[in-house]
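Residues per chain, in single letters:
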Amino acid sequence: MRNFSKDYKTGKAQEILTLNFLNSKNTIFGKLKEDEDQFANFDFVSEDEKYHIEHKYRPDIDLNNCRYDSLYFDYVKYKRYKELKKIDPEKRFYIIWNCSGTRVIWQFKPYLWENENGECEFYFSKQFNQDRGNGRAQDTDMVNVFMEAIEPIEKFFI
């Protein structure tokens, strides 16, 4: 069975490392901070609250020798993105995956599954029997982003 406490501590430590990394670079995001709500759907928010970023730590994925066609995150984050975007259409939302030390990023898109070129960037799926920290298995709706749509973090450096 999954050790939720250990996973949480490891993930939180990696979040802090990524936050420090981003704040040490000149990025489009400006200065980032942790969201004050520990249960927020996005881990980081810019000081001007224009940018919201979720961080995912995937130490078992080597992007240079990856057998997967996509990286995933919980659908509830996509749902929250849509809610916040209705309130303020100028806000921008991102997912950063840290995969074996390589950070990559994807920007949430306003146009359903396809990008502006009509290419499919992501799809929905269900992850079955995942222990989400409550001691029992449950099914979770997921968003899978195709590897071709994911970009190097350096693209967002100024």
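Everything below is about the structure shown above.
In this report, we go over the structure that sits alongside the text. (Residues numbered from 1 in each chain as written. Predicted model: local features only at pLDDT ≥ 70, side-chain atom pairs only at ≥ 80, totals over all residues. Heavy atoms only, no water.)

A few words on the overall build of the protein chain. Of the regular secondary structure elements, the protein chain holds two helices and nine strands. Here the protein chain holds 158 residues, and 37% of them are scored as buried. Accessible area for the protein chain stands at about 9500 Å²; split by element, carbon and sulfur atoms hold 48% of it. (Helix = DSSP H or I, 4+ residues; strand = E, 2+ residues; numbered from the N terminus. Buried < 20%, exposed > 50% of the residue type's maximum accessible area, 1.4 Å probe, protein only. Areas by Shrake-Rupley, 256 points an atom, 1.4 Å probe, with all protein chains shown as cover.)

So, about the environment of Gln 107. For Gln 107, the location among the structural elements is in strand S6 (residues 102–107). Residue contacts for Gln 107: discarding those within four places in its chain leaves Arg 92, Phe 93 and Tyr 94. (Contact = heavy atoms within 4.5 Å.)

A word on the nonpolar core. Counting residues in hydrophobic clusters, the biggest one holds 19 residues, and the most contacted among them are Phe 73, Trp 97, Trp 106, Phe 108 and Val 145. When residues in this core are grouped by element, the largest group, four residues, is from strand S5 (residues 92–99). The contact partners of Phe 73, leaving out residues within four places of it in the chain, are Lys 56, Tyr 78, Ile 95, Trp 97, Trp 106, Phe 108, Met 142, Val 143 and Val 145. If you look at the next biggest cluster of nonpolar residues, it comprises 12 residues, including Phe 29, Ile 53, Ile 96 and Ile 153. (Core = buried A, V, L, I, M, F, W, Y, C linked by side-chain atoms within 4.5 Å.)

To continue, consider the sheet that holds strand S3 (residues 51–58). Hydrogen bonds along the backbone pair up the strands of a sheet, which may run parallel or antiparallel. Sheet architecture is open: six strands sit in the order S1-S2-S3-S5-S6-S9, paired in mixed fashion. At either margin of the open sheet sits one strand with a lone partner, and together these are strand S1 (32–34) and strand S9 (151–152). The sheet contact formed by S3 and S5 spans eight bridges and is parallel. What sits directly across from Arg 58, in S5, is Cys 99. Taken strand by strand, helix H1 (residues 4–23) contacts S1, strand S2 (44–46), S3, S5 and S6, and its axis lies near 160° from that of S1. The sheet strands contacting helix H2 (residues 75–87) are S3 and S5, and the helix crosses S5 at an angle near 155°. (Pairing = 2+ DSSP bridges. Axes fitted to C-alpha atoms, helices over the stretch in contact; angles between N-to-C directions.)

Our focus in this paragraph is the side chain of Glu 121. Among the secondary structure elements, Glu 121 is positioned in the loop between S6 and strand S7 (122–131). For Glu 121, a relative accessible area of 7% corresponds to the buried category. Here Lys 109 takes part through its side chain, which lies 3.1 Å from a polar atom of the side chain of Glu 121. (Polar contact = N/O pair within 3.5 Å; in protein donor to acceptor, adjacent residues only side chain to side chain.)

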